[in-house]
Amino acid sequence: MTERPAQRVPNRQLAALIAEAGFSNAGLARRVDQLGLEHGLDLRYDKTSVTRWLRGQQPRGTTPALIAEVFTRRLGRRLSAQDLGLDACAPVYAGLEFAATPEEAVDIASGLWRKDSGSHAELRKIAFTPAGLVVPSRDWLIGRADERVGRGTDTAASRVPAQGRASVPRQRQIDRGPGQRVTGGDIAALRSVSELFRTLDHAYGGGHARQALVRYLEHEAEPMLRGTYGETTGRRLFSAAADLTRLAGWTSYDIAAHGLAQRYFVQALRLAQAAGDRPYGSYVLVTMSRQAVYLGHGREAVQLARVAQQGVGSGPPPVVQALLHAAEARGHAVLGEVRSATASLVRAERALGAGRPGDDVPPWARFFDEAQLADEFGHCHRDLQQYRACAQHAERSLQLRSPGYARSRLFCRVVLATARLGLGELDQACALGAEAAQQAMEMRSVRAVEYVRDFERRLEPYRDASAVRTYRDRVAALS
């Protein structure tokens, strides 16, 4: 790693903390390298590197944040890079952290919103790191709920029972002075805006209004989170902010900004914990699982889905349980695990069938209906190369799916085209593929384009067939 030129003033803050922690220079370097691995970073620090830091050199990039996290874990109190006499962590790192307190969660999430609003081109280049999934999902699963989230009011009467690790320091109340008083109307507005952006995403793709969503988070949600509210209002506020943040991650994922999306999902998970909303936290983990499936990380996808299931137990409505089992099935299917995928699909089908009209279904889970379940079946059978079953379920999904879910219908049409190709029905496959290609041209969705490209790669063995030449001519005419 390249270092900045040495400063003349020795870093006494770092020296004092090294002594307090009982680290040797080599021991500190080793722990920084190990923590880097958790976040997908290949670092090569040694005792000489630490000596340079003590003499005043400033490590670049993510390293100051990693060093601070090493001391935080060792000493049991939250320390920042500045506490160590080091530069603040780079925005690239900020976002993979699972904050220790609600206050820190607001700081990290709002920092991500501001950076994305001002310089999204740089953030789109951040790589997705499978290793970065481990710590947030673990901390969500075993971490205790925040005792207080209220800000600027007396919240002592409203507590959430502690659970999980006793070693986690007691949460402190967010208190940076008075700000705007958050009302139920403010939270209702956040929810309405979330539904608006969700509708736009379904119909036109994540790239259509993503930047407007990020700016809304920066200019509207952040002032509320830094405002004044009691415990009940505060948890509702954190829940609404978690939903908007997850959606910002989802739209980033749809335009293939996968590292950025991963960071949004981690922060949405932490905001959901501050809200005390375990079911929604499980939904965020399912979203992370879906991204892992799309990127071919089947094992991580299965693990995330299982953590989500374990984190909520048997308490959520049947539709939520169905959603969680379907996510696990997708991970197994990517891995080619026929038995496990089939078992998870059966559990999903049974759970959805157990639902009743009067069930209290969370708004974020209402999309998971028979059309969505058929879509999940279709994708799994495609990945398992069971093309006849794939075609049956994909056709059923297209019959049931509302036109408002335009992108989902496009995906399903490509899945059906792939099944027809696998069954040797080349003419039908190409006709379906051409329809999907035209729809993809009308959306701002990299995933939609990639679905079509995947189908075209599957067409390569038949490139000289008349149907394929006709397909290519039709697609070329769309450009």
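Check the entry above for the structure.
Source: prediction; values computed, not measured.

A.B. asks: Where do I start with the nonpolar core in this structure?
C.D. replies: As a rule of thumb, soluble globular proteins bury nonpolar side chains together. Counting 85 residues, the largest nonpolar core has Leu190, Leu237, Phe238, Leu285, Met288 and Phe368 as the members making the most contacts within it. Here this core takes 11 residues from helix H11 (residues 258-275), the largest share from any one element. Setting aside anything within four residues of it in sequence, one finds Leu285 in contact with Ser137, Trp140, Leu269, Leu304, Val307 and Ala308. Judged by nonpolar contacts, the second largest core, of 32 residues, contains Ala391, Ala394, Leu410 and Ala434.

A.B. asks: Would you mind showing me how to read the packing of helix H10 (residues 231-254) against helix H12 (residues 278-294) here?
C.D. replies: Each packed pair of helices is defined by two parameters, the angle between the axes and the distance between the axes. In contact at an axis separation of 11 Å, H10 and H12 are set at 5° when each is read in the N-to-C sense. Classified by the angle their axes make, H10 and H12 are roughly parallel. Contact residues: H10 offers Ala242, Asp243, Arg246, Trp250 and Tyr253, while H12 offers Tyr280, Tyr283, Val284, Thr287, Arg290, Gln291 and Tyr294. Of the residues belonging to the contact of H10 with H12, the class tally is seven nonpolar, two polar and three charged.

A.B. asks: Which parts of the structure should I look at to understand the packing of aromatic side chains?
C.D. replies: Per the stated rule, a full pass over the model turns up 11 aromatic pairs. With a centroid separation of 5.6 Å and an interplanar angle of 80°, the aromatic rings of Tyr253 and Tyr294 are classed as edge-to-face. One end of the pair, Tyr253, is in helix H10; the other, Tyr294, is in helix H12, with 41 residues separating them in the sequence. By relative accessible area, Tyr253 is classed as buried at 3%. Accessibility expressed as a relative area gives 27% for Tyr294, which makes it partly exposed.

The rules behind the values
- Residues numbered from 1 in each chain as written.
- Predicted model: local features only at pLDDT ≥ 70, side-chain atom pairs only at ≥ 80, totals over all residues.
- Heavy atoms only, no water.
- Core = buried A, V, L, I, M, F, W, Y, C linked by side-chain atoms within 4.5 Å.
- Buried < 20%, exposed > 50% of the residue type's maximum accessible area, 1.4 Å probe, protein only.
- Helix = DSSP H or I, 4+ residues; strand = E, 2+ residues; numbered from the N terminus.
- Contact = heavy atoms within 4.5 Å.
- Axes fitted to C-alpha atoms, helices over the stretch in contact; angles between N-to-C directions.
- Parallel < 35°, antiparallel > 145°, perpendicular 65-115°, else oblique.
- Nonpolar A, V, L, I, M, F, W, Y, C, P; charged D, E, K, R; others polar.
- Phe/Tyr/Trp six-rings, centres within 6.5 Å; stacked < 30°, edge-to-face > 60°.

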